[in-house]
Amino acid sequence: MPRATTVLDTTTTLTGDDLEQAWKVYELAFAGLATRAVQQHLMTRDEFEEVCADERVLKYVVRDVDLDVLCGFATFSNDLSTVYQLSEAYYEQRWPRQFAERSIWYIGCVGVHPAYRSSGVFVTLVEAMCRVVHDNRGIASLDICRYNDERLALPRLIGRIVNSFGHETTGERLDEQTYWAYDFASA
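Residues numbered from 1 in each chain as written. Predicted model: local features only at pLDDT ≥ 70, side-chain atom pairs only at ≥ 80, totals over all residues. Heavy atoms only, no water.

## A closer look at helix α5 (residues 121-135)
Definition in use: Helix and strand definitions here come from DSSP, where helices need a minimum of 4 consecutive H or I residues and strands a minimum of 2 consecutive E residues; each element is numbered from the N-terminal end. Here a helix's expected span is defined as the number of its residues, less one, multiplied by 1.5 Å. Type-normalised accessible area, obtained with a 1.4 Å probe on protein chains alone, sets the label of each residue: buried when under 20%, exposed when over 50%, and partly exposed for intermediate values. Residues are treated as being in contact if the distance between any of their heavy atoms lies within 4.5 Å.
For α5, spanning 15 residues, the distance from its first C-alpha to its last is 21 Å, which sits close to the expected 21 Å at 1.5 Å a residue. Residues of α5 that are buried: Val121, Phe122, Leu125, Val126, Glu127, Ala128, Met129, Cys130 and Val133. If you follow the buried residues of α5, they end up packed against β1 (6-11), β2 (58-64), β3 (69-77), β4 (104-112), β5 (139-141) and α7 (154-164). A positive phi of about 50° marks Arg137, the residue just after α5.

This is the structure in structure tokens:
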């Protein structure tokens, strides 16, 4: 695919055609994780609409201006109460100043339509969110499943993107949850 002419917008809510296009991008970007990750990484349509309506969660959208289609979508919030099952107490204890200043942001998702992979859309989304965190001397946090960590090297990719824009930072794994199964069928 030739490099698209894209534009980045931010909004607090998505409705109508933007919501439909964002859902399609999100669904295409995350559907593959349904069989690769134990924990659900693809929100239901109702959950997605709830996030898109929540004004506390900023939505970043990238559009291909030549085709007038949404090709990338991300969610971003410094209100940690918007993140399901996130321990605010952990963040408050770990980074008390940033917690008090509300300068800890959670990146809920970054999805790129498959036709726009390797087009720079992912870089555009990550850099825009990290610029906000950098300018506020804050913390950016997100969850990455094992597949995206080991197979796609996502944490290292994000680190390279951030550092390439002059936002020198280091990333660290905050926690790790492992899932175990005990197979009694073979006993």
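On we go from here.
## Quick word on the pattern of salt bridges
This is how it is decided: In what follows, salt bridge is the name for a side-chain nitrogen of Lys or Arg lying within 4 Å of a carboxyl oxygen of Asp or Glu.
Taken as a whole, this structure holds 12 salt bridges when the rule is applied. The closest approach of N and O atoms between Asp9 and Arg63, which form a salt bridge, is 3.5 Å. Here Asp9, found in strand β1, pairs with Arg63, found in strand β2; they are 54 residues apart in sequence, far enough to count as distant. Residue Arg63 is classed as buried on the basis of its relative accessible area, which comes to 18%. Where Arg173 meets Asp149, a salt bridge forms, and the shortest distance between an N and an O atom there is 3.1 Å. On the criterion of sequence distance, the pair formed by Arg173 in the segment after α7 and Asp149 in helix α6 (residues 146-150) is long-range, its members being 24 residues apart. Connected through shared salt-bridge partners, Asp9, Asp18 and Arg63 make up one network.

## Examining the pairing of β2
Note the threshold: Two strands form a pair only when DSSP identifies at least two bridges running between them.
The buried fraction of β2 is high, at six of seven residues. The sheet contact formed by β1 and β2 spans six bridges and is antiparallel. Residue pairing in the sheet places Leu8 in a bridge with Val62 of β2. Of the pairings in the sheet, the one linking β2 to β3 comprises seven bridges and is antiparallel in character. Counterpart to Val61 in the pairing with β3 is Phe73.

## Things to note about α7
The test is simple: Summarising the geometry, the arc corresponds to the directions from the helix axis toward the C-beta atoms.
Those residues of α7 lying buried are Leu154, Ile158, Ile161 and Val162. Axial view of α7: buried residues confined to an arc of 95°, hence all on one face. Facing away from the buried side of α7, by more than 90 degrees, are the exposed residues Arg160 and Ser164. Residues of α7 that are buried in the fold lie against α5 and α6. Positioned one or two residues after α7, Gly166 has a phi angle of 80°, which is positive.

## Points about unusual backbone geometry
The residue Asp68 is not glycine, and still its phi comes out positive at about 55°. Looking at the element boundaries, Asp68 is found in the loop between β2 and β3. Of note, Arg137 is a non-glycine position whose phi angle comes to about 50°, a positive value. Along the chain, the position of Arg137 falls in the loop between α5 and β5.

## Regarding the environment of Val126
Mapped onto the elements of the fold, Val126 is located in helix α5. For Val126, a relative accessible area of 5% translates into the label buried. Expressed as a C-alpha distance, the spacing of Val126 and Ile104, which sit 22 residues apart in the sequence, is 15 Å. For Val126, the contacting residues outside a window of four places in its chain are Ile158, Ile161 and Val162.

## Focus on the side chain of Asp79
Convention followed: The definition of a polar contact used here is a pair of N or O atoms within 3.5 Å, where within protein one atom must be able to donate a hydrogen and the other to accept one, and adjacent residues in sequence count solely through side-chain atom pairs.
Inspection of the secondary structure assignment puts Asp79 in the loop between β3 and α3 (88-94). The exposure class of Asp79 is buried, given its relative accessible area of 12%. A polar side-chain atom of Asp79 sits 2.5 Å from a polar atom in the side chain of Ser81. Discounting residues that sit within four places of it in the chain, Asp79 has contacts with Arg56 and Arg102.

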